[in-house]
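# Notes for the structure review
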Amino acid sequence: MTKITQLRVGDPVDHFLLIKQSSKGVTTVGKPFMSLVLQDKSGDIEAKLWDTNDEHEKLFAAGQIVRVGGEIQDYRGKFQLRVKSIRPVKTDEPIEIQDLVPSSEKPKEELMEELMQYFFEMKNPVIQRITRHLLKKHQVAFMTYPAAMKNHHDYASGLIDHVVSMLRLGKSLCELYPTLNKDLLYAGIILHDIGKVAELTGPVATTYTVEGNLLGHITIMVNEISKAAEELEIEGEEIMLLQHMVLSHHGKEEWGSPKRPMLREAEILHYIDNIDAKMNMLNRALDKTEPGEFTERLFALENRSFYKPTFE
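None of these values were measured; they are calculated from a predicted model. Starting afresh in each chain, residues are numbered from 1 along the sequence in its written order. For a predicted model such as this one, the threshold for reporting local features is a pLDDT of at least 70, and the threshold for listing and counting side-chain atom pairs is 80 or more; totals across whole chains, interfaces and linings nevertheless cover every residue. Note: side-chain values were computed over all heavy atoms of the structure, leaving out hydrogens and water.

So, about the overall build of the protein. Helix numbering and strand numbering both begin at the N terminus, where a helix is a DSSP run of H or I of at least 4 residues and a strand a DSSP run of E of at least 2. Tallying secondary structure elements over the protein gives eleven helices and five strands in all. As defined in this context, the radius of gyration uses C-alpha atoms, and a globule is described by 2.2 Å times the residue total to the power 0.38. Computed over the C-alpha atoms, the radius of gyration of the protein is 21 Å, within 12% of the 20 Å expected from 2.2 N^0.38 for a compact globule of 312 residues. Each principal axis of the C-alpha distribution contributes one length, and for the protein these read about 60 × 45 × 40 Å. Considering only residue pairs separated by 6 or more positions, the protein has 57% of its internal contacts joining residues 24 or more positions apart. Note on areas: Shrake-Rupley, 1.4 Å probe, and residue coverage restricted to the protein chains presented here. By element, 52% of the accessible surface of the protein is carried by carbon and sulfur atoms, the whole surface being about 16,300 Å². Charge separation in the protein, taken as the distance between the mean sites of 38 positive and 47 negative side-chain charges, equals 3 Å. Pairs of residues are marked as contacts when any of their non-hydrogen atoms sit within 4.5 Å. Counting rule applied: Lys, Arg positive; Asp, Glu negative; His and chain ends not counted. One atom stands in for each charge, and that atom is NZ of Lys, CZ of Arg, CG of Asp or CD of Glu.

A few words now on the nonpolar core. In this structure, Leu115, Ile130, Phe142, Ile190 and Ile225 are the most contacted members of the largest nonpolar core, which totals 50 residues. Breaking this core down by element, the ones donating at least two residues are α2 (108-116), α3 (125-137), α4 (139-144), α5 (158-176), α6 (182-191), α9 (216-231), α10 (237-247) and α11 (264-287). If sequence neighbours within four positions are ignored, Leu115 has contacts with Leu135, Phe142, Val163, Val164, Leu167 and Ile190. By nonpolar core we mean a set of buried residues, namely Ala, Val, Leu, Ile, Met, Phe, Trp, Tyr and Cys, connected to one another through side-chain atoms within 4.5 Å. Exposure classes here rest on a 1.4 Å probe applied to the protein chains alone. A residue is buried below 20% of its type maximum, exposed above 50%, and partly exposed in between.

What follows covers the side chain of Ser257. Mapped onto the elements of the fold, Ser257 is located in the loop between α10 and α11. Under the relative-accessibility criterion, Ser257 is labelled buried at 2%. Any pair of nitrogen or oxygen atoms within 3.5 Å is treated as a polar contact; in protein, a donor-acceptor pairing is required on top of that, and neighbouring residues in sequence qualify only through side-chain atoms on both sides. A polar contact is formed between the side chain of Ser257 and the backbone nitrogen of Gly251, at a distance of 3.4 Å. Of note is the side chain of Ser257, whose polar atom sits 2.7 Å from the backbone oxygen of Lys259. Non-local contacts of Ser257, meaning those with residues more than four positions away in its chain, are made with Leu247, Ser248, His249, His250, Gly251 and Lys252.

Moving on, we come to the packing of α6 against α11. To characterise two packed helices, one gives the angle between the axes of the helices and the distance between these axes. Angles here are taken between N-to-C directions and fall from 0 to 180 degrees, while the axes themselves are lines fitted to C-alpha atoms, restricted in helices to the stretch in contact. Following both chains from N to C, one finds α6 and α11 inclined at 40 degrees, their axes separated by 9 Å at the closest point. By the angle between their axes, α6 is oblique relative to α11. Regarding α6 and α11, the two cross each other, and that crossing is right-handed. Residue-level inspection shows Leu184, Leu185, Gly188 and Ile189 of α6 in contact with α11, the latter providing Glu265, Ile268, Leu269 and Ile272. Gly is placed with the polar residues, together with every amino acid not listed as nonpolar (Ala, Val, Leu, Ile, Met, Phe, Trp, Tyr, Cys and Pro) or charged (Asp, Glu, Lys and Arg). When the residues that make up the contact of α6 with α11 are grouped by side-chain class, the tally is six nonpolar, one polar and one charged. Angles are sorted into four bins: roughly parallel if under 35 degrees, roughly antiparallel if over 145, roughly perpendicular if 65 to 115, and oblique for all others. If you view the pair so one helix is near and one far, a crossing is left-handed when the near helix is turned anticlockwise from the far one by less than a right angle, and right-handed when it is turned clockwise.

The rule is short: rings of Phe, Tyr and Trp, with Trp giving its six-membered ring, pair when the centres are within 6.5 Å, and they are stacked under 30 degrees, edge-to-face over 60, tilted in between. For the structure on display, the rule yields three aromatic pairs. Between Phe33 and Trp50 the ring centres are 5.2 Å apart and the planes differ by 40 degrees, which places this aromatic pair in the tilted class. Here Trp50 lies in strand β3 (residues 43-50) and Phe33 lies in strand β2 (residues 32-40), a separation of 17 residues in the sequence. On the basis of relative accessible area, Phe33 is assigned to the buried category, the value being 14%. Geometrically, the ring pair formed by Phe294 and Tyr307 is tilted, given 5.2 Å between the ring centres and 55 degrees between the ring planes. Of the two residues, Phe294 is situated in the segment after α11 and Tyr307 in the segment after α11; the sequence distance between them amounts to 13 residues. Taking relative accessible area as the criterion, Phe294 reaches 55% and is therefore assigned exposed. A residue is classified by how much of its surface remains accessible, and Tyr307, at 40% relative accessible area, is partly exposed. When the NZ atom of lysine or the CZ atom of arginine is within 6 Å of a ring's centre and also within 35 degrees of its normal, the charge is said to sit over that ring. One cation-aromatic arrangement involves Arg132 over Phe119; the distance from NZ or CZ to the ring centre is 4.5 Å.

With that out of the way, let us pick up the UniProt feature "domain: HD" (unreviewed entry) in the protein. UniProt positions are given in the numbering used here, feature names are shortened, and annotations may be inferred rather than shown by experiment. Annotation from UniProt places "domain: HD" (unreviewed entry) at residues 162-278. Measuring from the first to the last C-alpha atom of residues 162-278 gives 11 Å, for a span that is 65% helix and 0% strand.

Another aspect to go through is the side chain of Asn280. You can see Asn280 is positioned in helix α11. Residue classification places Asn280 among the buried positions, given a relative accessible area of 11%. With residues near it in sequence (within four places) discarded, Asn280 still touches His152, His153 and Tyr155.

Put into structure tokens, the structure is as follows:
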């Protein structure tokens, strides 16, 4: 069966899908509706349910598998599923959550093995010990969690996929610019988003935790670095510099960064993070676009559409 993100405008839908996100709203005339994000292994699509009630909110909560009938439509430059029928999955139907959750193309074990090789290039014992300690502490979740709730690397093992891709970029840049401190850059890449394992609930029907809403992954990780230094009885400037790498990786205050980068390696970390996130969004959008056509509008990229050339 054709996957949900491979369908085009006008194509019929009769699919088992997982409700990734579910929220309720009210129309301008006061009628209740629900906004759903539905997914299979290929990705997700938005849908609306009209004239809903309390029973619908229970039936179609995030994390539920449903069978959906309808068709694909274009809504303001973005694909949307026009729902004609929807019901919860029946117990005798052969479909499970793992059949519908997207995941990294490369197995998480292979990604972890690749990541560990970067420690052999680190020379500073303080940076290496703190980074190893925190990676080991959160390793299970780090290998399975998404890197975000939506937009980029928002799939199972997306976090480690994002980090390994960034490490490859970092390695290339260190070869091009040998004045960069590998220890700081590699450690910053590995640590910058580990706080997501406390900020988010996991790879299925991902949402924010209470800690995530109140503190955010940056604050969580800065505190974790401080605790790791205490537990390992380590002192030194390196601790503060690692905290700055995490604090500044979003680059600007308006992008959620408590501090702007004030280390050469922090500046590069911000660029690498931004490049990898945007490339992931672009690749996924272009993968489901025919040559000679434009992608749907990408909200995280200033709501732009991107053209897919007819030649390779």
